[in-house]
Amino acid sequence: MRFHTHRAIYVFIIFMLVLAAGLGAGLGLALSGTVNTIRTENFTEFDTALSTKIYDINGRLITEFFAEEQRIPVTLKELPNHLIEAFLTREDRNFYSHHGFNLRSTLRAALGQILGKNLGGGSTITQQLAGTLYADRRVISIQRKLKELWWAFQLERRFTKEEILEMYLNRMIMGPAVYGVEAASRYFFGHPAKDCTPAESAILAIQLSSPSRYNPFRNPMLARERSKEILDQMVSRHVLSKAEANESFDAYWASFDYSRVAVSAFYHREDKAPWFSEYVRRQLEDMFYGSIDIYSDGLSVYTTLDLDKQAAADLYMKRGIDTANASFKSTMSQRLDVAGTTYVPIIELLGLAFDLPMLYAPESRSETNSQDYFLTTINPVLDATSLIFNIASLKPYVGAASAKIKTELEKSTVEGALVTIDNNTGYILALVGGSDYNQANQLIRATQSKLMPGSTFKPLYYSAAIDSKKITEGTYIVDEPTTFYNEDGTPYSPQNFKGEWKGSVLAWEALAHSMNVASVKVLQTIGFDAAISRAAALLDITDPIEIRKTFPRYYPLALGVIGVTPLQMARAFSVFANGGKAVAPIAIRYVEDRYGNIIAEPEKERLQALRQKPQVISPQNAAIMIDMLKRVVSSGTLAGATQSGSIFKQTGPDGKSYVIPVVGKTGTTQNWADAWTVGSSPYYTTAIWLGFDRPGNSLGVSQTGATIAAPIWANYMRDIHIGLSYKNFPKPESGLVSVSVCAKSGMLPTEYCSDGTVTLMYLDGTQPTQFCTLHGPSEPETFGADHPSQDNPLSPRPEGSPFSQNR
């Protein structure tokens, strides 16, 4: 018995010691916190969130990332009295009389919790501020309330009521990623808080209890009702007359924009290059994932963008996309008119004559018309009704209809993308990811969308053909209807644009005029392995699995039936323009922290990677590809848009004129679904794409790479080269020869070559050595390998005369 008594006493003593230690530690921490509070001299300054600033290549500010905390501090003296009174009315009418704690409000809130009713909050303004600064107000617990109360007492001891109220009005969240009355006023109303009307002040005051629920752009009727209550209470407190309250309320809601969407302030920031900024933002998140908050750590990001070039890109892409959409809608309207007036009556007649209900169109036509009427006319009215009258049951139907509209828009709205890179540095100088950047349109098509490049893909495997030495610029090819058989035995019969055939052509002509059959013959000659290997190298696709997925071993590959991004295509062409040297596109040069220390240098990493593999293709191969692509500009599919290159004419400081050389290639995919132009000068490479986000529609036979993408490319490239000095593409001193050949046969010319001559570039050793046999009084006894002979698979010939194939 005595043993158990002593043991109990022993346990009790230990318990008391532990309790005393715990209370002492808690009191010590509280006192230390209190001391820290008292010692804080600049308590009202904001030191938590510094925005990340994005600069262009010339040090000009592009935009700022702040996302989670947009704060604009303001003093209490700058705010109108009715704004302050709106907050006091809503949150704490006894603010100036209590010492941080209101017993009546606390008991009322506690009773509400017990009864399951909202009888009002129990926290004073001081307690709310203390909870925001020192506790997590999302946690509902006695421990949190006690901590909040403790710090409320310390704030009241340290600061005046005016200082506490000023901190409160600057610190509290009042909207999506918006903190403080100044930032909230600019977000909701577009003006400073000092200009707020009583009605606007009431809107701000109700945000504190639930920024999402009472957001006027999300739930306008709830915000309307609740703000009216605040105004009525202000009238009853005699801080506002009834006439002032009613006039302000009516004026605000009479001009309210019910169509505005409640989105984060991040999407309302000033941004001179939103598509590029978003591209950079994603790279920063990957770069600093888990270690740095790119929205609040005050980074300075120095990028490659040139705002002058970006402005030109935005201008010409907007014009081009608007023009393409207008043309598409006009074409679609004409198609529907023809279908409705010509083909539908015929089908209806057949349905009636042969009693085939499925062919009888009026019912289905009425159903289609009804659906269109609902989506375009009724649904917007329902959407507005659900917002104005807060009818939640309507929202699912409106949402489903809106989703259908979005899908249809993706199929019937022409989008576009542009990217420009520096051939030498790989700097991304301009980037357009689509029409208008907003919360609903953030797909950066220039870097994310896998698009069919069409004929702009052809130079990639022509490059392999040149190195194979089976093909030269002057190789004779017959452009005629041809069926090819894939490795699995399936037939493939490509068509040329508008079904036109040129007969005998040289390889450079086949590329310049985008002849499909002739180009498939080039692919057939060199084989899939060589073509895919070269294309992958130029596009910088190194993963074997990705290579297999990207490049199908079927002949449609020759016409660009693959998925690549505009940035990849720009990179491929920039390798040609850079003398075959590797180019690594880059958007971020270096990043500094808030103290000016460099914490990341992607440019150094890029240079180190390029040293490991400096050359993608030989300088000789690059020079020949440049020569071939120059002919696309001088006499091929880019001749019209560039006036055969003459629009790049410049006048130097000495008054002498010169033309900056350019090269390029247009492309149009099957059914005119995508339109491309990719091309280079010795300075820059630009890729442009126009088309649809979802397949299934046609731009129209008149909207091709040469007619809608090429003019954008030509005018934009002309503008960004104004003032630049003359510069030519790099050309090696050895390994190449230029030869004047017969323009028809590609062989050495004779006096009988009536079609004239053309000077072409060859790898040394592949130039023609035989004289032309297509023109002259008689045929030679032997043919060269580059001559149109029967053993040349590119130029099949019937028996006998070499002339018979072309006549």
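Residues numbered from 1 in each chain as written. Predicted model: local features only at pLDDT ≥ 70, side-chain atom pairs only at ≥ 80, totals over all residues. Heavy atoms only, no water.

1. Things to note about helix α9 (residues 220–236)
Step number 1: An ideal rise of 1.5 Å per residue puts 24 Å on 17 residues; α9 measures up with 24 Å between its terminal C-alpha atoms.
Step number 2: When we look at burial in α9, the residues that qualify are P220, M221, L222, A223, R226, S227, I230, L231, M234 and V235. (Helix = DSSP H or I, 4+ residues; strand = E, 2+ residues; numbered from the N terminus. Expected span 1.5 Å × (residues − 1). Buried < 20%, exposed > 50% of the residue type's maximum accessible area, 1.4 Å probe, protein only.)

2. Some points on the side chain of T472
Step number 1: Structurally, T472 is set in the loop between α15 (458–468) and β9 (476–479).
Step number 2: A relative accessible area of 7% places T472 in the buried class.
Step number 3: If we ignore the near neighbours within four places in the chain, the residues touching T472 are I466, A507, Y762 and T766. (Contact = heavy atoms within 4.5 Å.)

3. Description of the packing of aromatic side chains
Step number 1: On inspection of all chains with the given rule, the structure shows 21 aromatic pairs.
Step number 2: Taking the centre distance of 5.0 Å and the plane angle of 90° together, the rings of Y252 and W253 count as edge-to-face.
Step number 3: Given the relative accessible area of 10%, Y252 is considered buried.
Step number 4: The aromatic ring of F95 is capped on one face by K161, whose charged end is 4.5 Å from the ring centroid. (Phe/Tyr/Trp six-rings, centres within 6.5 Å; stacked < 30°, edge-to-face > 60°. Lys NZ or Arg CZ within 6 Å of the ring centre and 35° of its normal.)

4. So, the pattern of salt bridges
Step number 1: Under the counting rule described, the total for this entry stands at 25 salt bridges.
Step number 2: Here E229 ties to R226 by a salt bridge, and the two come within 2.6 Å at their closest N and O atoms. On the criterion of helical spacing, the pair formed by E229 and R226 is a turn pair, its members being three residues apart in helix α9.
Step number 3: For E229, a relative accessible area of 39% gives the class partly exposed.
Step number 4: Using a relative accessible area of 17% as the deciding quantity, one classes R226 as buried.
Step number 5: For R553, the salt bridge identified is with D529, shortest N-O distance 2.7 Å. Of this pair, R553 sits in the loop between α19 (544–550) and α20 (566–577) while D529 sits in helix α18 (residues 528–539); the two residues are 24 residues apart in sequence, bridging distant segments of the chain.
Step number 6: Salt bridges sharing partners connect three or more residues here, namely D56, R60, D306, D308 and K309. (Salt bridge = Lys/Arg side-chain N within 4 Å of Asp/Glu carboxyl O.)

5. Thoughts on the sheet that holds strand β13 (residues 588–592)
Note on sheets: strands pair through backbone hydrogen bonds, and any given pair is parallel or antiparallel.
Step number 1: An order of β2-β1-β6-β13-β14 is seen for the five strands of this open sheet, with the pairing classed as mixed. Strands with a single pairing partner mark the edges of an open sheet, and in this sheet they are β2 (61–65) and β14 (598–600). This sheet shows a mean twist of 25° between the axes of neighbouring strands, independent of strand direction.
Step number 2: Here β13 runs beside β14; their pairing, made up of two bridges, is antiparallel. Along β14, the bridge assignment pairs V591 with A600.
Step number 3: Most of the contacts of helix α11 (residues 274–287) go to β2, to which it runs at about 50°, and overall it touches β1 (52–55), β2, β6 (300–303), β13 and β14.
Step number 4: Of the strands in this sheet, β13 and β14 touch helix α21 (residues 602–612), which is tilted by about 140° from β13. (Pairing = 2+ DSSP bridges. Axes fitted to C-alpha atoms, helices over the stretch in contact; angles between N-to-C directions.)

6. A short note on the packing of helix α2 (residues 81–91) against α9
Step number 1: Contact pair α2 / α9: the axes reach a minimum separation of 10 Å and the direction vectors enclose 100°. In terms of orientation, α2 and α9 fall into the roughly perpendicular class. Each of H82, E85, A86, T89 and R90 in α2 lies in contact with α9, whose residues at this interface are R226, I230, Q233 and M234.
Step number 2: For the contact of α2 with α9, the class distribution of residues is three nonpolar, three polar and three charged. (Parallel < 35°, antiparallel > 145°, perpendicular 65-115°, else oblique. Nonpolar A, V, L, I, M, F, W, Y, C, P; charged D, E, K, R; others polar.)

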